[in-house]
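Here is how the chains run, residue by residue.
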There are 2 protein chains.
Amino acid sequence: MQLQAKYVILGLLSTRTMSGYEIKKSFEGDISFFFDASYGSVYPTLNKLEKEGLIVKTTIVQTDRPNKHEYAVTEAGKEALSDYMKGPLIEDQVRSDLTMRLYFGQKAGESEMAGWIRQGLEQHRAKLAELILLMEEHQAHMPRSTKLSLQYGIDYHQGQVNALSRLLEQLDS
Amino acid sequence: MQLQAKYVILGLLSTRTMSGYEIKKSFEGDISFFFDASYGSVYPTLNKLEKEGLIVKTTIVQTDRPNKHEYAVTEAGKEALSDYMKGPLIEDQVRSDLTMRLYFGQKAGESEMAGWIRQGLEQHRAKLAELILLMEEHQAHMPRSTKLSLQYGIDYHQGQVNALSRLLEQLDS
DNA sequence: TTCGCCATGTAAGAGGTTACATGATTTA
DNA sequence: TAAATCATGTAACCTCTTACATGGCGAA
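Residues numbered from 1 in each chain as written. Chains lettered and ligands numbered in written order. Predicted model: local features only at pLDDT ≥ 70, side-chain atom pairs only at ≥ 80, totals over all residues. Heavy atoms only, no water.

### Some thoughts on the protein's contact with DNA strand D
Part 1 of the reasoning: Taken together, 24 residues form the shell around DNA strand D, and within it A:M1, A:Y21, A:Q62, A:H69 and B:S38 come nearest.
Part 2 of the reasoning: The share of sugar and phosphate among atoms of DNA strand D within 4 Å of the protein is 75%.
Part 3 of the reasoning: Interatomic distance of 2.9 Å between a backbone N/O atom of A:H69 and a phosphate oxygen of DNA strand D.
Part 4 of the reasoning: Within the contact set of DNA strand D, a phosphate oxygen lies 3.2 Å away from a backbone nitrogen or oxygen of B:A5.
Part 5 of the reasoning: Taken together, the residues that form the surface near DNA strand D break down as 8 nonpolar, 11 polar and 5 charged. (Near = heavy atom within 4 Å. Polar contact = N/O pair within 3.5 Å; in protein donor to acceptor, adjacent residues only side chain to side chain. Nonpolar A, V, L, I, M, F, W, Y, C, P; charged D, E, K, R; others polar.)

See the structure below:
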């Protein structure tokens, strides 16, 4: 059992109407610390949700850019999300190539390991900076729960940065 | 692109021979902080790797328990793993139902949110205790890289516990 | 005597990725 | 003028999960 795109999309649309493109941007940005999926997952899922009557589509004609489809949650959609929230909590899932390489990497040289760690550090630092910016910019008009969650994301990436920094120091010593 | 069972299994078998059952136990235990997969993934993957000549099977006949198949990496397998390690590092993937619920959970009551956080706390505390025990027990005969990685896992879970504790405090205030 | 552990495996299907197709506008 | 952004979508494929099937031994 794992967290599905379906419910994350329903969650996003419960905060405001969005297009598939915007949803994917959200996956890459403000939500990236707990979910991501590709366009090939986003668009088919939106169509499926629409057929199930959980969301409705409005086409917005734009002259300067491609038309877009804005989706909004229906009452049935809200109920589906709330039912999901009443169900059992799914355990966090992590897949980390970096950690695997460190775990099995005694044959790889220490300089290679240091390289991987530095790459990981950069990735987590970038995400951290992004989330902090988001927090500062939108702090005023964010529900409390969202702020808590964002704080959690910031703590997560900060924790990773700290852990990886410590690893680098230990490697050098 | 995501970290596949194939390479994690190859990695595990590069440290010692193992059966499918033992591999799954490892997924749930010492490796759970960076990978997990079901039996339905483990056994077919082992068969596939064998057909590709990357691992070899030895059947061990046991009278008191079911027979088991012990797998060992071949030279070709070692090379495949090392080739993989030379390839580009895959970014960490996280899917967290807990975080999603917090993010979208302004409609859920605060007591519900607190409940989810407590469940998450318990899960991370349990994993943390497990990894610390592992570290203490096997410290002496672990390669340095494995120790570093385990330390990383401990730091990860400790970080989660800290972050979640802070969230709980903020909820109560 | 029931439950958990040991131990392997398969079939069906869900859920996802990758790569492709299209194309105008804006920014560097 | 090249690259990034906006914007949607599909088809083929891959990986993994779920549920099922089987069965003996040891502990509570």
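### Focus: the nonpolar core
Part 1 of the reasoning: Of all hydrophobic cores here, the largest spans 106 residues; its most connected members are A:F27, A:M100, B:F27 and B:M100.
Part 2 of the reasoning: For B:M100, the contacting residues outside a window of four places in its chain are A:L3, A:Y7, A:V8, A:F34, A:L81, A:Y84 and A:M85. (Core = buried A, V, L, I, M, F, W, Y, C linked by side-chain atoms within 4.5 Å. Buried < 20%, exposed > 50% of the residue type's maximum accessible area, 1.4 Å probe, protein only. Contact = heavy atoms within 4.5 Å.)

### Here's the deal with the pattern of salt bridges
Close approach of charged atoms allows side chains with opposite charge to pair.
Part 1 of the reasoning: A complete count under the given rule lists 19 salt bridges over all chains for this structure.
Part 2 of the reasoning: The salt bridge involving B:R65 is made with B:D64; its shortest N-O contact spans 3.8 Å. Comparing B:R65 with B:D64 shows no difference in burial state: the two are exposed.
Part 3 of the reasoning: By sharing partners, the salt bridges in this structure join A:K24, A:K25, A:E28 and A:D36 into a single network. (Salt bridge = Lys/Arg side-chain N within 4 Å of Asp/Glu carboxyl O.)

### Some thoughts on the protein's contact with DNA strand C
Part 1 of the reasoning: Taken together, 26 residues lie around DNA strand C, and A:Q4, A:S38, A:D64, B:M1 and B:Y21 are the ones closest in.
Part 2 of the reasoning: Backbone sugar and phosphate groups make up 73% of those atoms of DNA strand C lying within 4 Å of the protein.
Part 3 of the reasoning: One of the side-chain N or O atoms of B:R95 is found 2.9 Å from a phosphate oxygen in DNA strand C.
Part 4 of the reasoning: Secondary-structure elements contributing two or more residues to the surface near DNA strand C are α3 (39-51) of chain A together with α2 (20-28), α3 (39-51) and β2 (68-73) of chain B.
Part 5 of the reasoning: Class assignment for the residues of the surface near DNA strand C results in 10 nonpolar, 11 polar and 5 charged. (Helix = DSSP H or I, 4+ residues; strand = E, 2+ residues; numbered from the N terminus.)

### Notes on the packing of aromatic side chains
Part 1 of the reasoning: In this structure the tally under the stated criterion is 17 aromatic pairs over all chains.
Part 2 of the reasoning: Considering the side-chain rings of B:Y103 and B:F104, the 5.1 Å spacing of their centres and the 85° angle between planes classify their relative orientation as edge-to-face.
Part 3 of the reasoning: With a relative accessible area of 8%, B:Y103 lands in the buried category.
Part 4 of the reasoning: One aromatic cluster is present, formed by A:F33, A:F34, B:Y103 and B:F104 through successive ring pairs.
Part 5 of the reasoning: When the ring centre of A:W116 is taken as origin, the NZ or CZ atom of A:R101, which lies over that ring, is 5.2 Å away. (Phe/Tyr/Trp six-rings, centres within 6.5 Å; stacked < 30°, edge-to-face > 60°. Lys NZ or Arg CZ within 6 Å of the ring centre and 35° of its normal.)

### Some points on the relation of the copies chain B and chain A
Part 1 of the reasoning: Mapping chain B onto chain A leaves a residual RMSD of 0.0 Å; the transformation is a rotation of 180° accompanied by 0.0 Å of translation along its axis. Here the transformation between the copies is reduced to the relation of a two-fold axis. Taking C-alpha positions as the reference, the residue of chain B nearest the rotation axis is B:V94, at 2.3 Å.
Part 2 of the reasoning: Interface overlap between copies is the fraction of interface residues in one copy that are interface residues in the other; for chain B against chain A it reaches 100%, indicating a shared surface. (Least-squares fit on C-alpha atoms with pLDDT ≥ 70 in both.)

### Comments concerning the confidence of the model for chain A
Part 1 of the reasoning: Mean pLDDT for chain A: 93, with 100% of residues reaching 70 or above.
Part 2 of the reasoning: No element of chain A has a lower mean pLDDT than helix α7 (residues 144-172) of chain A, which averages 89, and none a higher one than helix α1 (residues 5-13) of chain A, which averages 98. (pLDDT = per-residue confidence, 0-100.)

### Topic: the layout of surface pockets
Part 1 of the reasoning: Of the voids in this model, the largest pocket is the one considered here, and its volume is about 1200 Å³.
Part 2 of the reasoning: A:Q93, A:V94, B:Q93, B:V94 and B:R95 are, among the 41 residues lining the largest pocket, the residues nearest its centre.
Part 3 of the reasoning: Contributions of two or more residues to the lining of the largest pocket are made by α2 (20-28), β3 (93-95), α6 (110-138) and α7 of chain A together with α2, β3 (93-95), α6 (110-138) and α7 (144-172) of chain B.
Part 4 of the reasoning: The dominant element in the lining of the largest pocket, judged by the number of residues it contributes, is α6(B), at 4 residues.
Part 5 of the reasoning: For the lining of the largest pocket, the class distribution of residues is 16 nonpolar, 13 polar and 12 charged. (1 Å grid on protein atoms, 1.4 Å probe; cavity = no way out; pocket = protein on both sides within 12 Å on 5 of 7 lines; lining within 4 Å. Points joined across faces, edges and corners; volume = space filled by probe spheres on them.)

### Topic: a nonpolar patch on the surface
All names here are of chain A.
Part 1 of the reasoning: A surface patch of nonpolar side chains, about 300 Å² in accessible area, is lined by Y21, Y39 and Y43.
Part 2 of the reasoning: Structurally, Y39 can be placed in helix α3.
Part 3 of the reasoning: Looking at Y39, the relative accessible area reads 30%, which means it is partly exposed. (Patch = residues over 30% accessible without salt bridge, like charges linked within 9 Å, V, L, I, M, F, W, Y side chains within 5 Å. Areas by Shrake-Rupley, 256 points an atom, 1.4 Å probe, with all protein chains shown as cover.)

### A few points about the interface of chain B and chain A
Part 1 of the reasoning: Listed by partner, the interface residues are 62 residues for chain B and 62 residues for chain A.
Part 2 of the reasoning: Both sides together, the interface formed by chain B and chain A hides about 6600 Å², and carbon and sulfur atoms give 59% of it.
Part 3 of the reasoning: Counting across the chain B and chain A interface gives 4 salt bridges.
Part 4 of the reasoning: Its salt-bridge partner being B:D155, residue A:R166 comes within 2.8 Å of it at the nearest N-O pair.
Part 5 of the reasoning: Connecting chain B to chain A are 36 residue pairs in polar contact (both at pLDDT 80 or more).
Part 6 of the reasoning: Counting residues per element, the side of chain B that touches chain A draws most heavily on α7(B), at 15 residues.
Part 7 of the reasoning: Sheet topology note: the β3(A)/β3(B) ladder contains 3 bridges and is antiparallel. Within the sheet, the bridge partner assigned to A:R95 lies in β3(B) and is B:Q93. (Buried area = accessible area lost by both parts, 1.4 Å probe. Pairing = 2+ DSSP bridges.)

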